[in-house]
Amino acid sequence: MEAAFEIGTPKGSNWSITGLTVAGIILNLVIIVGLTMDQPFYEGQLKEVKGNELYYDASIPKEDIDKLVQKLGERDFFGQDYGNIARLRQIGDA
């Protein structure tokens, strides 16, 4: 760098370096948000109920899923104005 400065190469301004740094940070944030927006919240099948989402394993019987949706609706967890997300997962053989 000293040799370049000795032959008259101008130094970059601190403001240009700051601008490039801020632009790089913004670009990284845009990329991260773009990648995460396309990913589902949980793995598994999705059932949407009044703007709410229930993710469940494919091995769970449909009757059990419907019972859970009904109970969540009765307890107002799956209310129309909430947009809640729930996950139903089978643990073990039961």
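Up top you'll find the structure we're talking about.
Residues numbered from 1 in each chain as written. Predicted model: local features only at pLDDT ≥ 70, side-chain atom pairs only at ≥ 80, totals over all residues. Heavy atoms only, no water.

Turning our attention to the pairing of strand E3 (residues 85-88). Burial of the side chains of E3 is restricted to one face: Ala86 and Leu88 are buried, whereas none of Ile85 and Arg87 on the reverse face is. Two strands pair when backbone bridges link them, and strand E2 (residues 52-56) and E3 are joined in this way by 4 bridges, in the parallel orientation. Bridging across to E3, Tyr56 finds its partner in Leu88. Crossover connection from E2 via helix H3 (residues 62-74) to parallel E3: handedness left-handed. (Buried < 20%, exposed > 50% of the residue type's maximum accessible area, 1.4 Å probe, protein only. Helix = DSSP H or I, 4+ residues; strand = E, 2+ residues; numbered from the N terminus. Pairing = 2+ DSSP bridges. Right-handed = clockwise from strand over helix to strand, strands pointing away.)

Reading across from one edge, E1-E2-E3 is the order of the 3 strands in this open sheet, with mixed pairing throughout. Because the sheet does not close on itself, it has two edges, and the strands there are strand E1 (45-49) and E3. For this sheet, the mean inter-axis angle between neighbouring strands, taken without regard to orientation, is 20°. With 5 bridges joining them, E1 and E2 adopt antiparallel strand pairing. Paired with Gln45 across the bridge in E2 is Tyr56. Strand contacts of H3: E1, E2 and E3, with the helix running at about 35° to E1, the strand carrying the most contacts. (Axes fitted to C-alpha atoms, helices over the stretch in contact; angles between N-to-C directions. Contact = heavy atoms within 4.5 Å.)

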